[in-house]
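# Survey of secondary and tertiary structure
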Amino acid sequence: MTLPRERPPFSADERTQLTGWFRMQREIVHFKCEGLAEEDAHRAVLPSSPLMTVAGIVSHLRWTEQTWFEVLFLGRPAEGPQFSEDPEDLDMRVEGVPLARLLDDYREQCAISDEIIAAHDLDEVGRHPDFRSAAASLRWMVIHMIEETARHAGHLDAVRELLDGETGYY
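Structural notes, computed from the coordinates. (Residues numbered from 1 in each chain as written. Predicted model: local features only at pLDDT ≥ 70, side-chain atom pairs only at ≥ 80, totals over all residues. Heavy atoms only, no water.)

The next thing to look at is the packing of helix H3 (residues 54-73) against helix H4 (residues 99-119). Each packed pair of helices is defined by two parameters, the angle between the axes and the distance between the axes. In contact at an axis separation of 9 Å, H3 and H4 are set at 25° when each is read in the N-to-C sense. The pairing of H3 with H4 is recorded here as roughly parallel in orientation. Every pair of crossing elements has a handedness; the one defined by H3 and H4 is left-handed. Taken together, the residues of H4 that come into contact with H3 (itself represented by Val54, Ala55, Val58, Ser59, Leu61, Arg62, Glu65, Gln66, Phe69, Glu70 and Phe73) are Leu99, Leu102, Leu103, Asp105, Tyr106, Gln109, Cys110, Ile112, Ser113, Ile116 and Ile117. Residue composition of the contact of H3 with H4, by class: 14 nonpolar, 4 polar and 4 charged. (Axes fitted to C-alpha atoms, helices over the stretch in contact; angles between N-to-C directions. Helix = DSSP H or I, 4+ residues; strand = E, 2+ residues; numbered from the N terminus. Parallel < 35°, antiparallel > 145°, perpendicular 65-115°, else oblique. Left-handed = near helix turned anticlockwise from the far one by under 90°. Contact = heavy atoms within 4.5 Å. Nonpolar A, V, L, I, M, F, W, Y, C, P; charged D, E, K, R; others polar.)

Right under this line is the structure:
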């Protein structure tokens with residue numbers, strides 16, 4: 001399913017611009033996954049980063065959204081693989097999980113994040129008492145997640161080109 005990848009308007013209010021850039025970066029993540037063979041979605045191409053797979057990146061982005069908006073901002077319990085005491089980068093360990101399921105989970109998490117962002121003032125700060133990062137404003141968190149998502153979209157760009165030669169920004 002091809003999602004529209006459109007930049008936000010040149011002249012719009014802050015929230016429209018922030019959420020527009022965030023949405024576009026998320027849509028690029030989906031675009032980089034289109035038409036990818038399941039085997040390739042789980043294949044590592046960077047020798048020093050064996051977890052840097054398309055599937056691993058999508059999973060990581062899903063759990064990062066959950067961390068910033070549900071846990072740090074709303075103060076919900078710190079649950080998920082990123083909070084496990086098991087090996088590092090557990091959120092990227094997705095062997096056997098189909099890419100389609102990971103993309104659906106990511107899409108659902110993004111919808112939850114969007115609801116949270118829409119329901120709160122950008123100046124409001126996070127509520128979780130156990131994490132210093134919760135002191136950030138919602139604006140800071142959205143900007144950080146634009147950066148995080150764009151950074152990993154760039155990783156997906158490089159990984160996808162190494163996997164099957166597919167390139168393209170949007």
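From this point, the narrative continues.
Let's shift gears to H3. The end-to-end C-alpha separation of H3 is 27 Å, in line with the 28 Å expected for 20 residues at 1.5 Å each. By the largest-angle criterion, Thr67 marks the main kink of H3, which is about 30°. Counting buried positions along H3 gives 20 out of 20 residues, so the element sits mostly inside the fold. Just past H3, the residue Gly75 takes up positive phi, approximately 85°. (Expected span 1.5 Å × (residues − 1). Bend = angle between axes of the 7 residues up to and from the residue. Buried < 20%, exposed > 50% of the residue type's maximum accessible area, 1.4 Å probe, protein only.)

One can describe the packing of helix H1 (residues 14-33) onto helix H5 (residues 138-164) by two numbers: an axis separation of 9 Å at closest approach and a directional angle of 25°. Taken together, H1 and H5 sit at an angle that is classed as roughly parallel. Handedness of the crossing formed by H1 with H5: left-handed. Seen from H1, the contacting residues are Glu14, Leu18, Trp21, Phe22, Gln25, Arg26, Ile28, Val29, Phe31, Lys32 and Cys33; seen from H5, they are Arg139, Val142, Ile143, Met145, Ile146, Thr149, Ala150, Ala153, Leu156, Asp157 and Arg160. Split by residue class, the contact of H1 with H5 holds 14 nonpolar, 2 polar and 6 charged.

This brings us to the side chain of His144. Tracing the sequence through the fold places His144 in helix H5. Polar side-chain contacts of His144 include one of 3.4 Å to the side chain of Trp68. (Polar contact = N/O pair within 3.5 Å; in protein donor to acceptor, adjacent residues only side chain to side chain.)

Tracing the backbone through its elements, the reader meets Met141 in helix H5. Residue Met141 is classed as buried on the basis of its relative accessible area of 0%. For the pair Met141 and Leu61, spaced 80 residues apart in sequence, the C-alpha to C-alpha distance is 14 Å.

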